[in-house]
Amino acid sequence: SSGINAEWPLRPGLRNGGVKWLRFTQTDLSNQVRTKALNLVSRQVEDNPELLLEGLPIARCANGLVSAMDLIAYGSPAFSDLMCPNLATLHVLPYAPTHAEAYASLYSSKGVVSSLCPRSFLERQVAQAREDNIHFAVGVEVEFILMKDGVPINNQHFANGPKLTEESELLDEVATALEAQSSACRPIEVLHPESGPGQYEIVFRYTTNPVEIADSVITARQTIHAISKKHGYQATFMAKPFPDQVGNGLHLHISCLDAKKGNSLVPGDQPSGLSEVAEYMVAGILKRLPQLVAITAPTPNSYRRIKPGFWTGHKASWALEDKESAVRLCLDFNTGTVSNVELKTCDPTANPYLAVGGLLAAALDGIRSKAELGPPAVGPVLPTSLTEAIANLEQSTFYEEAMGKDLFKTFIEVKKKKVPTATLR
């Protein structure tokens, strides 16, 4: 009750700002945003203000639905979970100003986290790392393509000035909207045209709370879709929307810090330029990558993107500043030392909570087991289809334990369904 009393000014504050609806939002295993909105001016909320904190029910099988149509891939239509809001993420939607939104965690009963909650999976990985005195810092680059009537809006290429100028009004509006949602979105560091026609990239600032990065990806995706539509465009985050052009990536950057001292544990005096701890981290990621790729590249279309020559990483290998490697060691140009590690084999069709959680699980396991890092630019070819990747993941007792049996099994069954899933919004 103390929590309810403390948060009770929330509702009149929102209403005074013209907000009528509070959305409770979570992202399912197919990376679809699932939302229900509570009417802030209803008699029900007037009489029961605790509803703001208690959450709204959603069918438990919602996380087992195939994205192209709401078919249950796994589970039954019985029972519901509660979408309980994380009020630290509360934000008013600039593109729908009568709506506010809070990202939700799933609970199967009061105080019991649902075994199917992607956000809670990521939170567990963060907590486990901190038990080992490790803070993982994570950043992200989000790529997308703007289209009109299914055709890219321009034919310019990487870092092209006119390409940025032509859409400056739309891009400025996106940036302003994301800044206004700062409780659920990290600051933008860089915005630039990418290599494909109509393609752009937004780089979000690092954080030692990786859940914030996953939230930022969802906030960006929803905002870019809404503002693009307002301007008469469509935005796509598909991995490979056009067979003869580059695809969209969701590049994850990771580093590790001493949780007590705050210093980076990445640069070191090993031949790789890494510290021993960072080498363990990279080795752990590479060891699990043939299975992890099922989570970070989770659609059939994803494997049209992961090809040699497209800077997407097609082998489980690492190298210094080599954009063809799945794991790239990134240099700080001021110090000349390695500052972070980039994972290239991830695209925006991935659920960001699962993708970042799966990456952190592999990284932490590498540190704990003191995994040995092999030579650069050497490694097995990664799966060339979702079927192959899912088969690898299905054999992984490591990810079954990390994700929990329910989440692990449901994810696999959703991805094995023979229904097109490349229509991601």
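Everything below is about the structure shown above.
Residues numbered from 1 in each chain as written. Predicted model: local features only at pLDDT ≥ 70, side-chain atom pairs only at ≥ 80, totals over all residues. Heavy atoms only, no water.

### Things to note about the side chain of S228
Threshold: Helix numbers and strand numbers start at the N terminus; a helix is a DSSP run of H or I with at least 4 residues, a strand a run of E with at least 2. When accessible area is computed with a 1.4 Å probe and restricted to protein chains, residues below 20% of their type maximum are described as buried, those above 50% as exposed, and intermediate ones as partly exposed.
Secondary-structure assignment places S228 in helix α8 (residues 210–230). Taking the relative accessible area as the measure of exposure, S228 reaches 0% and is therefore buried.

### Quick word on the environment of S42
The condition is simple: Within 3.5 Å is the distance limit for a polar contact, defined as a pair of N or O atoms, with the added protein rule that one can donate a hydrogen and the other accept it, and that residues adjacent in sequence qualify only through two side-chain atoms.
With respect to the helices, strands and loops of the structure, S42 is situated in the loop between β2 (33–39) and α3 (43–47). Residue S42 is classed as buried on the basis of its relative accessible area, which comes to 17%. Looking at S42, its side chain comes within polar contact range of the main-chain oxygen of N39, at 3.1 Å.

### With respect to the nonpolar core
Which entries qualify depends on this criterion: Side-chain atoms within 4.5 Å are what join buried Ala, Val, Leu, Ile, Met, Phe, Trp, Tyr and Cys residues into a set we call a nonpolar core. Contacts are assigned to residue pairs that have any heavy atoms within 4.5 Å of one another.
Ranked by size, the top nonpolar core spans 92 residues in total, and within it F136, I254, M281, V282, Y399 and M403 carry the most contacts. Element by element, the count of residues in this core is highest for helix α9 (residues 276–296), at 12 residues. Ignoring sequence-local partners within four residues, the contact set of V282 consists of L274, W318, V327, L329, V341 and L373. L10, V19, L40 and L90 belong to the second-largest nonpolar core, a separate cluster that totals 22 residues.

### Looking at the environment of N63
Mapped onto the secondary structure, N63 falls in the loop between β3 (56–59) and β4 (65–66). In this structure N63 comes out as buried when scored by relative accessible area, which is 2%. Spatially, the C-alpha atoms of N63 and Y280 are 33 Å apart, while their sequence positions differ by 217 residues. Within the local environment of N63, its side chain forms a polar contact with the backbone nitrogen of L29, the two atoms lying 3.3 Å apart.

### A few points about the pattern of salt bridges
Heads up, the rule is: Any Lys or Arg side-chain nitrogen located within 4 Å of an Asp or Glu carboxyl oxygen qualifies as a salt bridge.
The tally for this structure, following the rule as stated, stands at 15 salt bridges. With a shortest N-O distance of 2.7 Å, D132 and R368 are connected by a salt bridge. Separated by 236 residues along the polypeptide, D132 in the loop between α5 (118–131) and β10 (134–148) and R368 in helix α11 (residues 352–369) bring together distant segments of the chain. Taken together, the salt bridges that share partners define one network made up of E321, R328, E342 and K344.

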